[in-house]
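Coordinate inspection notes
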Amino acid sequence: MTAASTGPGDLDAASSAPLHPAAREVLLAALDRGYADPRRLHRAGREARLLLDNAREATADALGVRPDEVTFTPSGTHAVHLGLLGLVRGSRRGDGVVHSAVEHSAVRHAVAWGARGDEVGVTGDGRVDAGDLVRGAIAPGTGVVALQTANHEVGTVQDVGDLELPDDVPLFTDACASMGRLPLPDGWAAAAGSAHKWGGPAGVGVLLVRKRARWRNPFPGDDRVDERSTGFENVPAVLAAAASLQAVVAERDEVNARQHELVDVVRRRVTAEVPDVEVVGDPDRRLPHLVTFSCLYVDGEALVTELDRRGFGIASGSACTASTLIPSHVLEAMGVLTHGNVRLSLQRGTTRADVDAFCDALPGVVAEIRSRVGL
Amino acid sequence: MSPAHEVALELDCREMPCPMPVIELARHLADVEVGELLAVVARDPAAAVDVPAWCRMKQQEYVGADAADDGAPRYVVRRVRVGSS
């Protein structure tokens, strides 16, 4: 095997992390052992079924849930759609979904497709107003509340476990940005995660549905091992995702402390060394590995391109870098500058030297782009 | 909508992509006196967020959004202090 193609300048783990070393070996072994149909009773089928059951148990154990609450889906997005819309379908109160203005687009698309949305605003650091969320939950016709565990663009952790919702209004939590990195909060009826964000393979999502939740499949069913899933299970990928999740959970105390401190370095240095910059998101109660800031008068696409030329891979929520001309709805809801935006998210191996190299390069890049427009 | 504010200067940034409307605003702030209004006309959807954010970062006053004579979105700023970009 060749070494991973990611260099020390790949600072975009939140978009997709490289395969965790613990997942790689498991994946390779499972490719040979887990190819068969896990519903078949012959030897190869039983072997695939064993691996699938192992993956479910390991995932449940890593997340602190029951194995029969775990469903593997073909993506985190699909897990969000199934989880949220399944609660809507199971609701006796109606098809209204009260959700924060900073939910991932997967939640927003699901609501637009199969529910009535009621959006609740956030503070300047991206935290939802819990009072507004609960008021919306009590309103007639509200079937479900949706609130992310943590924001995928700015890192702010939401107070998911503290919401006091009516008994018959279940909570869906999109945990894609935090799963594995942070313990799951309490209080949800369904939750979703995405393996490629914790160093598992792409094409594996995790849907969690609580044993007592009123969840009804919003899509056509199937006759697979798990009644909530559809389509042939990708057993090797699911097993590798579970192995990666276990490893991430086992090492998170050490990794999170290190990353939290490195992000503090970035927040401090960017604020001090780049003029006219706004570092956004909660500085403390946040994802350990992620930081977002916006630079005044800077074109987002130019910033991504120039940093890439210097070996740094970062994401941006600026309109000029997106496929649309619409800026990030998260930054918009927070009322913070949407142009010149950088989202930096550390890999598990990112060092102080890597972070310093980025911080050393940034002021010059920003100054150069500003000089193009005479500022 | 139509113009709701009497402005000293209106900048035509209708066809400019982000972040040009905000750059134009910074460039022309000093063209109005302290206390006067300056407006940016921009169809760029980012301007609706970025003009108020610029005002907050630069300690200028964001007066609000109205529309230019042709109906294009317009963002009105009051210059409240010397110094700018």
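Structure first, text after, so check above.
Structure report, in brief. Computed from a predicted structure; not experimentally measured. Residue positions within a chain follow its written sequence, with the count starting from 1. Lettering of chains starts at A and numbering of ligands starts at 1, both following the order in which they are written. Predicted model: local features are reported for residues with pLDDT of at least 70 only, side-chain atom pairs are reported and counted for 80 or more only, and whole-chain, interface and lining totals are derived from all residues. Side-chain metrics in this entry use all non-hydrogen atoms of the structure; hydrogen atoms and water are not considered.

**Concerning the interface of chain A and chain B**
- Contacts between residues were defined by any pair of non-hydrogen atoms, one from each residue, lying within 4.5 Å. Taken together, the contact pairs 22 residues of chain A with 17 residues of chain B.
- Two parts placed together each lose some accessible area; with a 1.4 Å probe, that loss summed over both constitutes the buried area. For the chain A face of the interface with chain B, the top three residues by lost area are Tyr297, His339 and Val373 of chain A, together amounting to 31%.
- Whenever a carboxyl oxygen of Asp or Glu lies within 4 Å of a side-chain nitrogen of Lys or Arg, that contact is scored as a salt bridge. The tally of links between chain A and chain B comes to two salt bridges.
- Across the pair Asp276 of chain A and Lys58 of chain B runs a salt bridge whose closest N-O atoms are separated by 2.7 Å.
- What qualifies as a polar contact is a pair of N or O atoms within 3.5 Å, subject to a donor-acceptor requirement within protein and to the restriction that residues adjacent in sequence count only when both atoms come from side chains. Linking chain A to chain B there are seven residue pairs in polar contact (both at pLDDT 80 or more).
- By residue class, the composition of the side of chain A that touches chain B is 14 nonpolar, four polar and four charged. Amino acids outside the nonpolar list (Ala, Val, Leu, Ile, Met, Phe, Trp, Tyr, Cys, Pro) and the charged list (Asp, Glu, Lys, Arg) are all regarded as polar, and Gly is one of them.

**With respect to the sheet that holds strand E9 (residues 290–295) of chain A**
Residue and element names in this part refer to chain A.
- When DSSP finds two or more bridges between two strands, those strands count as paired. Here a helix means four or more residues in a row that DSSP labels H or I, a strand means two or more in a row labelled E, and each is numbered from the N terminus. Spatial ordering of the open sheet is given by E8-E9-E10, a layout of three strands whose pairing is antiparallel. Where the open sheet ends on each side, the last strands, each with one partner, are strand E8 (277–280) and strand E10 (341–345). The mean inter-strand angle of the sheet, taken between neighbouring strand axes irrespective of direction, is 20 degrees.
- In terms of strand pairing, E8 meets E9 through four bridges, oriented antiparallel. Bridge pairing in E9 links Glu278 to Ser294.
- Angles shown run from 0 to 180 degrees and are taken between the N-to-C directions of axes, each axis being a line fitted to C-alpha atoms and, for helices, limited to the stretch in contact. Against the sheet, helix H9 (residues 352–372) contacts E9 and E10, and its axis sits at roughly 25 degrees relative to E9.

**Notes on the packing of helix H7 (residues 300–309) of chain A against H9 of chain A**
Residues and elements named next belong to chain A.
- One way to put it is that H7 packs onto H9 with a least axis distance of 10 Å and a crossing angle of 135 degrees. With respect to each other, H7 and H9 are oriented oblique. Relative to H9, the crossing made by H7 is right-handed. Residue-level contacts link Ala302, Leu303, Glu306 and Leu307 of H7 to Phe358, Leu362, Val365, Val366, Glu368, Ile369 and Arg372 of H9.
- Classifying every residue of the contact of H7 with H9 gives eight nonpolar, no polar and three charged. Roughly parallel here means an angle under 35 degrees, roughly antiparallel means over 145, roughly perpendicular means 65 to 115, and every remaining angle is called oblique. For any pair of crossing helices, the crossing counts as left-handed if the nearer helix is rotated counterclockwise from the farther one by less than a right angle, and right-handed if it is rotated clockwise.

**Some remarks on the side chain of Asp356 of chain A**
Residue and element names in this part refer to chain A.
- Positionally, Asp356 belongs in helix H9.
- Exposure is judged per residue with a 1.4 Å probe applied to protein chains only, and the accessible area is read against the type maximum: over 50% gives exposed, under 20% gives buried, and values in between give partly exposed. Under the relative-accessibility criterion, Asp356 is labelled buried at 19%.
- When sequence neighbours within four positions are dropped, the list of residues in contact with Asp356 reads Val265 and Arg269.

Coordinates in, geometry out; function isn't part of it.
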